[in-house]
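For reference, the chains in residue letters:
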Amino acid sequence: MISIVIPIYNEEENLQALYTRLTNAAPSWGDDYELVLVDDGSRDNSLAMMRAFAKADEHVRVVRLSRNFGHQPAISAGIQVAKGDAIVIMDGDLQDPPEELHRFLAKWREGYEVVYAIRTKRKEGLLKKAAYKAFYRILAWISDIEIPLDSGDFCVMDRKVVDTIVKEMPEQVRFVRGLRAYAGFSQIGVTYERAERAAGEVKYTFKKLIQLALDGLFGFSSFPLRLATYLGVFISIPSFLVGIFF
Ligand code: UDP
Ligand code: MG
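Considering the site of ligand 1
Not every one of the 20 residues close to ligand 1 is listed here, only the nearest: Glu11, Asp40, Asp93, Gln95 and Lys203. In the model, an oxygen atom of ligand 1 is placed 2.8 Å from a nitrogen or oxygen of the Arg197 side chain. Here an oxygen atom of ligand 1 and a side-chain polar atom of Lys208 are 2.8 Å apart. Bound to the protein, ligand 1 loses 97% of the 520 Å² it would expose on its own. Among the elements of the structure, β1 (2-8) and α5 (126-142) are those that each provide at least two residues to the shell around ligand 1. Class assignment of the residues belonging to the shell around ligand 1 gives a composition of 6 nonpolar, 5 polar and 9 charged.

Some points on the pattern of salt bridges
In total, this model carries 15 salt bridges according to the counting rule given. Among the ionic pairs, Asp163 bridges to Arg159, the shortest N-O distance being 2.9 Å. A residue pair is termed a helical-turn pair when its members lie 3 or 4 positions apart in one helix, as Asp163 and Arg159 do in helix α6 (residues 159-168) at 4 residues. Given the relative accessible area of 24%, Arg159 is considered partly exposed.

Structural notes on the packing of aromatic side chains
The tally for this structure, following the rule as stated, stands at 9 aromatic pairs. On the numbers, 5.3 Å between centres and 85° between planes, the contact of Phe245 with Phe246 is edge-to-face. Classification of Phe245 as exposed rests on a relative accessible area of 69%. Of the residues examined, Phe246 reaches a relative accessible area of 80% and is grouped as exposed. Pairwise contacts between aromatic rings join Phe104, Phe154 and Tyr192 into one cluster. Positioned above the aromatic ring of Phe69, the side-chain terminus of Arg67 is 3.8 Å from the ring centre.

What to know about helix α2 (residues 46-56)
Looking at α2, one finds that the buried residues are Ser46, Leu47, Met49, Met50 and Phe53. Burial along α2 is one-sided: seen end-on, the buried residues are contained in an arc of 165°. For α2, the exposed residues lying more than 90 degrees away from the buried face are Lys55 and Ala56. For α2, the secondary structure elements touched by its buried residues are β1, α1 (12-25), β2 (33-39) and β3 (60-64).

Digging into the pairing of strand β6 (residues 151-158)
Burial within β6 is extensive, with 8 of its 8 residues counted as buried. Two strands pair when backbone bridges link them, and strand β4 (residues 86-89) and β6 are joined in this way by 4 bridges, in the antiparallel orientation. Among the inter-strand pairings, Ile87 is bridged to a residue of β6, identified as Met157. The pairing of strand β5 (residues 114-119) with β6 spans 4 bridges and is classified as antiparallel. The residue of β6 that forms the bridge with Val114 is Met157.

Remarks on helix α3 (residues 71-81)
Within α3, 8 of the 11 residues are buried, which leaves it mostly tucked inside the rest of the structure. Buried within α3 are the following residues: His71, Gln72, Ala74, Ile75, Ser76, Ala77, Gly78 and Ile79.

Some points on the packing of α1 against α2
Here α1 crosses α2 at 20°, and the two axes come no closer than 9 Å. In terms of their interaxial angle, α1 and α2 are classed as roughly parallel. Here α1 and α2 pass one another in a crossing that is right-handed. Between α1 and α2, the contacting residues are Glu12, Leu15, Gln16 and Tyr19 on the first element and Ser46, Met49, Met50 and Phe53 on the second. Tallied by class, residues from the contact of α1 with α2 come to 5 nonpolar, 2 polar and 1 charged.

Reading the values: the criteria
Throughout this description, residue numbers start from 1 for each chain and increase along the sequence as written. Chains carry letters from A onward and ligands carry numbers from 1 onward, assigned in written order. Where totals are concerned, whole chains, interfaces and linings use all residues; where local detail is concerned, this predicted model gives features only for residues with pLDDT of at least 70, and gives and counts side-chain atom pairs only at 80 or more. Hydrogens are left out, water is left out, and the side-chain values use all remaining heavy atoms of the structure. By convention in these notes, a residue is near a molecule or strand provided one of its non-hydrogen atoms lies within 4 Å of it. In protein, a polar contact means a hydrogen-donor-capable atom and an acceptor-capable atom, both N or O and within 3.5 Å, with residues adjacent in sequence counting only if both atoms are side-chain atoms; elsewhere, any N or O pair within 3.5 Å suffices. Surface exposure here means Shrake-Rupley accessible area, sampled with a 1.4 Å probe, where a residue is shielded only by the protein chains that are shown. We count a stretch as a helix when DSSP gives it H or I for four or more residues in a row; a strand needs E for two or more, and each element gets its number in order from the N terminus. In this count, Pro and Cys sit with the nonpolar residues alongside Ala, Val, Leu, Ile, Met, Phe, Trp and Tyr, while Asp, Glu, Lys and Arg are called charged and the others, Gly among them, polar. Whenever Lys or Arg places a side-chain nitrogen within 4 Å of a carboxyl oxygen from Asp or Glu, that contact is recorded as a salt bridge. Each residue is assigned to one of three classes by its accessible area relative to the maximum for its type, calculated with a 1.4 Å probe on protein chains only: buried under 20%, partly exposed between the two thresholds, exposed over 50%. Here is the rule: rings of Phe, Tyr and Trp (six-membered ring for Trp) pair when centre to centre is within 6.5 Å. Planes less than 30 degrees apart are stacked, more than 60 are edge-to-face, and the remainder are tilted. Look at NZ for Lys and CZ for Arg. If either is within 6 Å of the ring centre and within 35 degrees of the ring normal, a charge sits over the ring. Arc, as used here, means the arc of the directions from the helix axis to the C-beta atoms. When checking whether two residues touch, look at their non-hydrogen atoms; a contact exists if any pair is within 4.5 Å. Strand pairing is assigned whenever DSSP detects at least two bridges linking the two strands. Note on geometry: axes are lines fitted to C-alpha atoms, helical ones only across the stretch in contact, with angles between N-to-C directions running from 0 to 180 degrees. These descriptions rest on fixed angle ranges, namely under 35 degrees for roughly parallel, over 145 for roughly antiparallel, 65 to 115 for roughly perpendicular, and the rest for oblique. Should the near helix be turned anticlockwise from the far one by less than a right angle, the crossing is termed left-handed; should it be turned clockwise, right-handed.

See the structure below:
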């Protein structure tokens, strides 16, 4: 079975199209499937819509978080309850097209245990694009693991990988693409064109985006810690000498 995990925060404008496009694309996935919709404390009509889907369609499961925890925790909750042999993570705003998924699943069937999406084009503002590009390059440069460039959360993971992430990696800060890279196994990238958000506003505020970037940098690199050590030594030794002198 294929599990599709989708975090949802105030996506009432997108949910109907998301559900329809997923359901239409489902025959191309070649297996039974479940849609694990994780409500991350939405304040709009999202939860009611998801529950209506679940009532009418046994493929749909709804997970409700007790409040808004954020994108990464919502994904973590979803993969924890997903039952599939392959687990897909995608966004709920249709930036990750359901129609592309069969290409990723084909790679999984070839034997790859992580198939992650690489964005060829981003349809976002110039400044945001530049910031993303810089972030991934800094992360790759200073991190202690190999995190692929320009790949987000959109991916297929084998059951083995998800079990490893869920059961063996108890980190509090769940930067999913980092955990995924750290887990190892055979990984391959597949390129795709990232669409624009279908409707509604971006749910990632600037503050949340910065937080995500910092989680990635601090969670997967000892560079910031070493930097603090070097700075400490660099400042304290001269201070000590100056102290003695006076
Ligand atoms: N999302 C979430 N909790 C949040 C923020 C976002 O579950 O606190 C979901 C959102 O509904 C969407 C996905 O995470 O399905 C990505 O969010 P968004 O499109 O706003 O961010 P982007 O990555 O496109 O900037
Ligand atoms: Mg988006």
